[in-house]
Amino acid sequence: EPEVTQTPSHQVTQMGQEVILRCVPISNHLYFYWYRQILGQKVEFLVSFYNNEISEKSEIFDDQFSVERPDGSNFTLKIRSTKLEDSAMYFCASSEARQSVYGYTFGSGTRLTVV
Amino acid sequence: AQKVTQAQTEISVVEKEDVTLDCVYETRDTTYYLFWYKQPPSGELVFLIRRNSFDEQNEISGRYSWNFQKSTSSFNFTITASQVVDSAVYFCALADNQGGKLIFGQGTELSVKP
C-alpha cells in the first residue's frame, strides 16, 4: 500500500536554528498538508498546499514557517528560527482530492525537539 | 465555526469490557466527512474509518462499530470486548469542506488493563 514518508523521524535542534522537515507524499496525490501535535495535545492543522501554492494556513503558520515542493516529489516544512514552543510532532499528509472523498494518508511523523 | 468535541479525556476499562468513545461535531456544511484515528504509544496516526454525511448507516468492523447520528451531530465509536492492544489515544476529526483540512477533537486516551 502506498505510504507517505517523513524524514527524519526525530530531530533535535538548538533554539534559533533553522530546521527543514521532509515529506514524500503519495505520487498521484495532489493535496498536501502539515499538521502539528504538541505533546499530549490534539493534532492541529498548519497548512495545506495545492498546485504549487498554499491554499490555506492556520494562525499557527506565521512568518517563521514556510513550505515548498522543490522537485515534484518532496514536500518540505521549514521553520526559520526555532523556538522552544515549536517542539512537537509534525505530521505530513496527502490526499487525492480536496474534499477528502478518498481520505488522507498520514506519514508517521517527525518529532522535533528544540533545546 | 467548525468544531469537534471529545468530552472524555481519559477512559480506563478492564479487558473484555465494551467501551464507547463519544464525538460531537459542529459544522454548517451540508456535505462533510468524519473520521476516527488511533494514535498508539508509538505516535503514528492510524486511520480507522471515514464516513460521509449522507450515509447514516452504522458500521461494524470486527470489534469496532460506529454510530453516526446527524440529528445529534454525533459520531460515536464503540469497541466491543476491549483488549490491551486497544490502549491508545483516539481522535475524531471533521474534514472541512472548503479547504479540505481535518479538524481534530482533543482526543480520548483509552487505557485497557488486563
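Residues numbered from 1 in each chain as written. Chains lettered and ligands numbered in written order. Predicted model: local features only at pLDDT ≥ 70, side-chain atom pairs only at ≥ 80, totals over all residues. Heavy atoms only, no water.

A. Structural context of the overall build of chain A. Counting secondary structure elements, chain A contains zero helices and 11 strands. A globule of 115 residues ought to have a C-alpha radius of gyration of about 13 Å, and chain A, at 13 Å, matches this closely. With the principal axes as the frame, chain A shows a C-alpha extent of 40 × 25 × 25 Å. Residue burial in chain A is summarised as follows: out of 115 residues, 45% are buried. Considering only contacts within chain A whose residues lie at least 6 apart along the sequence, 54% involve residues at least 24 apart. For chain A, the distance from the average site of its 10 positive side-chain charges to the average site of its 14 negative ones is 3 Å. (Helix = DSSP H or I, 4+ residues; strand = E, 2+ residues; numbered from the N terminus. Rg over C-alpha atoms; globule rule 2.2 N^0.38 Å. Buried < 20%, exposed > 50% of the residue type's maximum accessible area, 1.4 Å probe, protein only. Contact = heavy atoms within 4.5 Å. Lys, Arg positive; Asp, Glu negative; His and termini not counted. Charge placed at Lys NZ, Arg CZ, Asp CG, Glu CD.)

B. Highlighting the sheet that holds strand β7 (residues 65-68) of chain A. Residue and element names in this part refer to chain A. Taken in spatial order, the four strands of this open sheet run β1-β3-β8-β7, and their pairing is antiparallel. One side of each edge strand has no neighbouring strand; the edge strands of this open sheet are β1 (5-7) and β7. Between one strand axis and the next, the sheet turns through 20 degrees on average, direction left out of account. (Pairing = 2+ DSSP bridges. Axes fitted to C-alpha atoms, helices over the stretch in contact; angles between N-to-C directions.)

C. Spotlight on the interface of chain A and chain B. At the interface, 20 residues of chain A touch 20 residues of chain B. Both faces considered, chain A and chain B share a buried interface measuring about 1,700 Å² in area, 53% of it formed by carbon and sulfur atoms. Ranking the residues of chain A by area buried against chain B places A:Lys42, A:Tyr104 and A:Phe106 at the top, with a combined share of 29%. For B:Lys101, the salt bridge is made with A:Glu56, and the minimal N-O distance between the two is 2.6 Å. Along the contact surface separating chain A from chain B lie four residue pairs in polar contact (both at pLDDT 80 or more). Among the secondary structure elements, those contributing two or more residues to the side of chain A that touches chain B are β4 (31-37), β5 (44-50), β9 (88-95) and β10 (104-106) of chain A. With three residues, β4(A) is the single largest residue contributor to the side of chain A that touches chain B. (Buried area = accessible area lost by both parts, 1.4 Å probe. Salt bridge = Lys/Arg side-chain N within 4 Å of Asp/Glu carboxyl O. Polar contact = N/O pair within 3.5 Å; in protein donor to acceptor, adjacent residues only side chain to side chain.)

D. Local environment of the nonpolar core. In this structure, B:Trp36, B:Trp66, B:Phe77, B:Tyr90 and B:Leu110 are the most contacted members of the largest nonpolar core, which totals 25 residues. Contributing elements (two or more residues each) for this core: β2 (10-14), β3 (19-21), β5 (33-39), β6 (46-52), β8 (64-69), β9 (74-79), β10 (88-95) and β12 (108-113) of chain B. In terms of residue count, the dominant contributor to this core is β10(B) (four residues). Formed by 22 residues, the second largest nonpolar core is a distinct cluster that contains A:Val4, A:Leu21, A:Ile26 and A:Leu112. (Core = buried A, V, L, I, M, F, W, Y, C linked by side-chain atoms within 4.5 Å.)

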